[in-house]
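In case you want the letters, here they are:
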Amino acid sequence: MRIRQTEKRQQAERKSERAPQVAIMSDEAPTPTQQQQQQQPEQEKPQDEPPQESASSPAAEEQQQPVSWRAVVLTGYGGYDKVRLQVKTHDKPRPKAGEVLVRVKACGLNFAELLGRQGLYDLLPAPPVVMGMEGSGVIEAVGDGVEDRKVGDRVIVFSRSGVWQELVVVSATCTFPMPEQMSFEDGAAIPINYLTAYMMLFDVANLRPEKSVLIHMAAGGVGIAATQLCQTVQDVTIFGTASASKHEAIVQGGVTHPIDYRTKDYVEEIHKISSKGVDIVLDPLGGSDTQKGFGLLKPLGILIVFGAANCVTGQRKNLLAMAKTWYNQLSLNTLKLMQANKAIAGFHLGHLSEELVSRTMTKLLELYVQGKIKPHIDSRYHFEEVADAMRRMHERQNIGKIILLPEPKKEEEEPKSNAEPAEKVEKTESAANEKKEEAAEEVKEEKD
Ligand SMILES: NC(=O)c1ccc[n+]([C@@H]2O[C@H](COP(=O)([O-])OP(=O)(O)OC[C@H]3O[C@@H](n4cnc5c(N)ncnc54)[C@H](OP(=O)(O)O)[C@@H]3O)[C@@H](O)[C@H]2O)c1
């Protein structure tokens, strides 16, 4: 009986999660305060600070007219319902010295945003906050002292937060001119996935011909970027773990040996093919997988730890999974490391200097123009569908990059996805676990 009540509650919650969450903050709206109160609890006040404005000039004063723009705001930590589309109405944002105003055309969704929504990503400022670390668009205004960007330039934007909105003011140094042939979607898909993959493979691991690499989450954004970059070096063998339904795609993309980590022990599978193991392991998982990765290294091999996806099981924070990941993490002393002839490195793009990022971005844009890299777009969602976009990644359905589009969805529009509809894709462990955990939590609550 209790379980039946729980199921009903979950169904109702799921329905409400799917509904677009639009909080109108327009000054012209009839009763904006009332709407806010109805749609958001008191502690989840929306972020309504306009981007900073610069000292006035005649041209700037002309811009001083109220405009409305859409923004995806994290209103508190938790499930999909904490991420809301809001419409802001303010004077047109004006860039300060060294900044530019960008009209955003496309944005990238990253695993970090799933972590951020759960309160597990330290670089995301506390809510309420506009989410989003990457996007692309057109420069609409430039601040004083900006010499190398002009109005009308198509640019990639890479910033710590705040990019998931139609109008964003960022430092000019956070923008990168897009090659002519690059689409806005490709521009939005490049920064985080490709910077991360490039710097790990070439700056940290010093990838060279005839080496072997283990890429986990090989069908995801970073995974596909790493696979493409490995192919810029001769005779690199790529072991890639991914759900079985994605193997055809990753093999086409260049993975030499796809491994279904959900039904097979990937360590055994790799040893069957290469008894000595691999030269490079890229580890976005953490916990026991870091230990396995270290064990798989050949002498002089390197393990690069760059994520903790094992902490994430469902849409809400799972303390048990976090504790398990932490408990199982690799722990060893430096003497053992020396005797093992192996290296361990950490990588976090968010803690690197603008100079390093900018240098690598220049190389990536060259590779794009040469046709050596090209983001694989999995699907596109409009801002009002952000919960569905996050669900797609949580439920391990994406092959490549999920794109968010600021423009409102047209009524008649078909879903713009390369992948199969969610119902057709095999039911995932994470989705099943999530249900189990939520049911368990609720049954426990009822008992209490
Ligand atoms: N340190 C850094 O600077 C940095 C920068 C970027 C990304 N990262 C890390 O790199 C990893 C990949 O990021 P991404 O943005 O490219 O995401 P992504 O790979 O597109 O993420 C989704 C895919 O990962 C796989 N997956 C494995 N464990 C999962 C889990 N617990 N929950 C959901 N999916 C899981 C699923 O595919 P399969 O089931 O097919 O494997 C899923 O489709 C993440 O761990 C992220 O935190 C780190």
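Reference entry: report on the structure contained in this document. (Residues numbered from 1 in each chain as written. Predicted model: local features only at pLDDT ≥ 70, side-chain atom pairs only at ≥ 80, totals over all residues.)

### Observations concerning the overall build of the chain
Point 1. When its secondary structure is counted, the chain shows 15 helices and 18 strands.
Point 2. Considering the chain as a whole, with its 448 residues, one finds that 45% of them fall into the buried category. (Helix = DSSP H or I, 4+ residues; strand = E, 2+ residues; numbered from the N terminus. Buried ≥ 20, exposed ≤ 12 C-beta atoms within 10 Å, placed from the backbone.)

### As for the sheet that holds strand S15 (residues 343-346)
Point 1. Taken together, the six strands give an open sheet; going across it, the order is S12-S11-S10-S13-S14-S15, and neighbouring strands pair in parallel fashion. What marks the edges here is a single partner per strand, and that holds for strand S12 (257-259) and S15. The sheet shows a mean angle of 15 degrees between the axes of neighbouring strands, direction not considered.
Point 2. Across three bridges, strand S10 (residues 212-215) lies against strand S13 (residues 278-283) in parallel orientation. Bridge pairing in S13 places Leu214 opposite Val281. (Pairing = 2+ DSSP bridges. Axes fitted to C-alpha atoms, helices over the stretch in contact; angles between N-to-C directions.)

### Here's the deal with the packing of helix H6 (residues 191-204) against helix H7 (residues 221-230)
Point 1. Running from amino to carboxyl end, H6 crosses H7 at an angle of 50 degrees, the nearest separation of the two axes being 8 Å. Judged by the inter-axis angle, H6 sits oblique to H7. The handedness of the crossing between H6 and H7 comes out as right-handed. Mapping the contact onto sequence places Asn193, Tyr194, Thr196, Ala197, Tyr198 and Leu201 in H6 and Gly221, Val222, Ala225, Ala226, Leu229 and Cys230 in H7.
Point 2. Classifying every residue of the contact of H6 with H7 gives nine nonpolar, three polar and no charged. (Parallel < 35°, antiparallel > 145°, perpendicular 65-115°, else oblique. Left-handed = near helix turned anticlockwise from the far one by under 90°. Contact = placed C-beta atoms within 7 Å. Nonpolar A, V, L, I, M, F, W, Y, C, P; charged D, E, K, R; others polar.)

### Topic: helix H14 (residues 386-394)
Point 1. Counting buried residues along H14, eight of its nine residues qualify, which places the element largely inside the surrounding structure.
Point 2. Listing the buried residues of H14 in full gives Val386, Ala387, Ala389, Met390, Arg391, Arg392, Met393 and His394.
Point 3. Just downstream of H14 lies Arg396, where phi reads positive at about 60 degrees.

### Things to note about the nonpolar core
Point 1. Among the nonpolar cores identified, the biggest contains 107 residues, and Val72, Leu282, Val386 and Leu404 are the most heavily contacted of them.
Point 2. Of all the elements, H6 adds the most residues to this core, at eight residues.
Point 3. When neighbours within four sequence positions are excluded, Leu282 is seen to be in contact with Met200, Val213, Leu214, Ile215, His216, Ala226, Ile304 and Phe306. (Core = buried A, V, L, I, M, F, W, Y, C linked by C-beta atoms within 7 Å.)

### Description of the site of the ligand
Point 1. Near the ligand there are 28 residues, and of these Gly220, Gly221, Pro284, Gly307 and Leu349 occur at the shortest range.
Point 2. Of all the elements in the fold, those that place two or more residues in the shell around the ligand are helix H4 (111-117), H6, H7 and H14.
Point 3. Of the residues assigned to the shell around the ligand, the class counts are 14 nonpolar, twelve polar and two charged. (Near = placed C-beta within 6 Å.)

### A few points about unusual backbone geometry
Excluding glycine, most residues fall at negative phi; most peptide bonds, likewise, are trans.
Point 1. Cis geometry marks the peptide bond from Pro127 to Pro128, where omega comes out at 5 degrees.
Point 2. Here Pro128 lies in the loop between H4 and strand S5 (129-130).
Point 3. Its identity is not glycine, yet Glu210 carries a phi of approximately 70 degrees, on the positive side.
Point 4. Its location among the elements puts Glu210 in the loop between H6 and S10.
Point 5. Here Glu210 falls in the exposed class, since 10 other C-beta atoms lie within 10 Å of it.
Point 6. The phi torsion at Arg396 lies on the positive side, around 60 degrees, for a residue other than glycine.

### Regarding the pairing of strand S16 (residues 377-382)
Point 1. With five of its six residues buried, S16 lies for the most part within the structure.
Point 2. Strand direction decides the pairing type here: S16 and strand S17 (residues 401-405), joined by five bridges, are parallel. Looking at the pairing, Ile377 lines up with Lys401 of S17.
Point 3. Between the parallel elements S16 and S17, the chain passes through H14 in a crossover that is right-handed. (Right-handed = clockwise from strand over helix to strand, strands pointing away.)

### Description of the environment of Asp235
Point 1. Turning to its location among the elements, Asp235 is positioned in the loop between H7 and strand S11 (237-241).
Point 2. Apart from residues no more than four positions distant in its own chain, Asp235 is found in contact with Pro209 and Glu210.

### What about the packing of H6 against helix H13 (residues 354-369)?
Point 1. For the pair H6 and H13, the least separation of the axes is 10 Å and the interaxial angle reads 100 degrees. With respect to their mutual orientation, H6 and H13 come out roughly perpendicular. Of the residues in H13, those touching H6 at Tyr194, Leu195, Tyr198 and Met199 are Val357, Thr360, Met361, Lys363 and Leu364.
Point 2. Taken together, the residues that form the contact of H6 with H13 break down as seven nonpolar, one polar and one charged.

### Overview of the pairing of S13
Point 1. The buried fraction of S13 amounts to six of the six residues, a majority that puts the element mostly inside the structure.
Point 2. Bridge count between S13 and strand S14 (residues 297-305): five bridges; the pairing is parallel. Each residue of the ladder has a partner; that of Leu282, found in S14, is Ile304.
Point 3. Viewed along the sheet, the connection from S13 through helix H10 (residues 288-296) into S14 turns out right-handed.

### A few points about the environment of Ala226
Point 1. Take Ala226: it is sitting in helix H7.
Point 2. Put simply, Ala226 and Ala197 are 29 residues apart on the chain and 4.9 Å apart in space, counted from C-alpha to C-alpha.
Point 3. Sequence-distant contacts of Ala226, defined by excluding residues within four places in its chain, comprise Ala197, Leu201, Ile215 and Leu282.

### Some thoughts on the environment of Glu248
Point 1. The residue Glu248 is located in helix H8 (residues 247-253) in this model.
Point 2. Glu248 sits in the exposed class, given 11 other C-beta atoms within 10 Å.
Point 3. Residues Glu248 and Pro258 lie ten residues apart in sequence; the distance between their C-alpha atoms is 8.6 Å.

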